[in-house]
Amino acid sequence: EQNVSVTLQAPVPLDPQVEVMYTCIGNSSSNEVIITVTDPSITDVIYSLDGGPDQFETVFVDVAPGPHTITASYEGCVRTIDFEIDAIEPLELSLANEEFNLIEMSAVGGVPPYTYYVNGEYVGDDTTYRIQETGTYEVVVVDAKGCENRASIFVEFYDIEIPNFFTPDGDSNNDVWGPGNSEAYPSIKTRVYDRYGRV
């Protein structure tokens, strides 16, 4: 008989964790899958995504939407972890001018909430913008992950028009008096004064 003393190292705490980081390229969402292990001193861990090629890098880029499995191997110890990539549509922006002096902005895709800029002016999450002059307006929308898209629209400004006459003769032509283009000013109040300044 012979006795031999052997000192064994502590077992390796191989416990991989997955973090999905959603990033942006242009107006399209991208992602990075980052793997970490409990003990950062452990090196040479081999990773495989969905049974694909082995790699030592701890990051997988642009993983397709849907469920996935990452396998971590270290000196005969194998661990697997399941995760899922969300499907994120590209960020799209549409503009409309259906009301006087008003730009309506609508964003879809990306990751809400959205923020808007009109000609460089920050307007927050307000989806309407009231113009002050005729011109072409550039709108930029930015989603929660920093993706952005932009579009332009030409809008004509309609000012208040004050008629200087009316003909209340019942012929349905200029029978009533009122400021023109008042639809563009929902809070408008009209006061009429006589020549002595009385309302």
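Rules used in this analysis
- Residues numbered from 1 in each chain as written.
- Predicted model: local features only at pLDDT ≥ 70, side-chain atom pairs only at ≥ 80, totals over all residues.
- Heavy atoms only, no water.
- Helix = DSSP H or I, 4+ residues; strand = E, 2+ residues; numbered from the N terminus.
- Buried < 20%, exposed > 50% of the residue type's maximum accessible area, 1.4 Å probe, protein only.
- Contact = heavy atoms within 4.5 Å.
- Areas by Shrake-Rupley, 256 points an atom, 1.4 Å probe, with all protein chains shown as cover.
- Lys, Arg positive; Asp, Glu negative; His and termini not counted.
- Charge placed at Lys NZ, Arg CZ, Asp CG, Glu CD.
- Disulfide = S-S within 2.5 Å.
- Pairing = 2+ DSSP bridges.
- Axes fitted to C-alpha atoms, helices over the stretch in contact; angles between N-to-C directions.
- Salt bridge = Lys/Arg side-chain N within 4 Å of Asp/Glu carboxyl O.

Caption draft 1: Looking closely at the overall build of the protein chain. Along the protein chain, the regular secondary structure elements total 0 helices and 14 strands. Ordered by position from N to C terminus, the α and β elements of the protein chain give β-β-β-β-β-β-β-β-β-β-β-β-β-β. A principal-axis box enclosing the C-alpha atoms of the protein chain has dimensions of 130 × 30 × 25 Å. In the protein chain, which comprises 199 residues, the share counted as buried stands at 29%. Residue pairs in contact within the protein chain that sit at least 24 positions apart in sequence constitute 41% of those at least 6 positions apart. On the protein chain, roughly 13500 Å² of surface is accessible, and the fraction owed to carbon and sulfur atoms is 49%. Each charge sign in the protein chain was given a centre, from 8 positive and 34 negative side chains, and these centres are 22 Å apart.

Caption draft 2: Main features of the state of the cysteines. For the structure on display, the rule yields 1 disulfide. The residue that forms a disulfide with Cys 24 is Cys 147, at a sulfur-sulfur distance of 2.0 Å. For the disulfide bridge between Cys 24 and Cys 147, the dihedral angle about the S-S bond is near 125°, and by the sign convention the bridge is right-handed. With a gap of 123 residues between them, Cys 24 in strand 1 (residues 17–25) and Cys 147 in the loop between strand 13 (135–142) and strand 14 (148–155) connect regions that are remote in the sequence.

Caption draft 3: Structural view of the sheet that holds strand 10 (residues 115–118). One open sheet holds the 4 strands; their spatial order is 11-10-13-14, and the pairing between them is antiparallel. With partners counted over all chains shown, the strands left at the sheet margins are strand 11 (121–124) and strand 14, one partner each. The mean angle between the axes of side-by-side strands here comes to 25°, regardless of whether they run parallel or antiparallel. In this structure, strand 10 lies alongside strand 11, joined through 3 bridges in antiparallel fashion. Opposite Val 118, over in strand 11, you have Glu 121 as the bridge partner.

Caption draft 4: Broad picture of the pattern of salt bridges. All told, the structure shown has 3 salt bridges when counted by the stated rule. Residues Glu 148 and Arg 150 are paired through a salt bridge, measuring 2.8 Å at the closest nitrogen-oxygen approach. Asp 194 serves as the salt-bridge partner of Arg 198, at 2.7 Å between the closest nitrogen and oxygen. On the basis of relative accessible area, Arg 198 is assigned to the exposed category, the value being 52%.

Caption draft 5: Representation of the sheet that holds strand 4 (residues 54–55) in the model. Across the sheet, which stays open at both edges, the 4 strands sit in the order 4-3-6-7 with antiparallel pairing between neighbours. Each of the sheet's edge strands pairs with one partner strand only, and the pair in question is strand 4 and strand 7 (77–85). Pairing between strand 3 (residues 46–49) and strand 4: 2 bridges, direction antiparallel. Residue pairing across strands places Tyr 47 opposite Gln 55, the latter belonging to strand 4.

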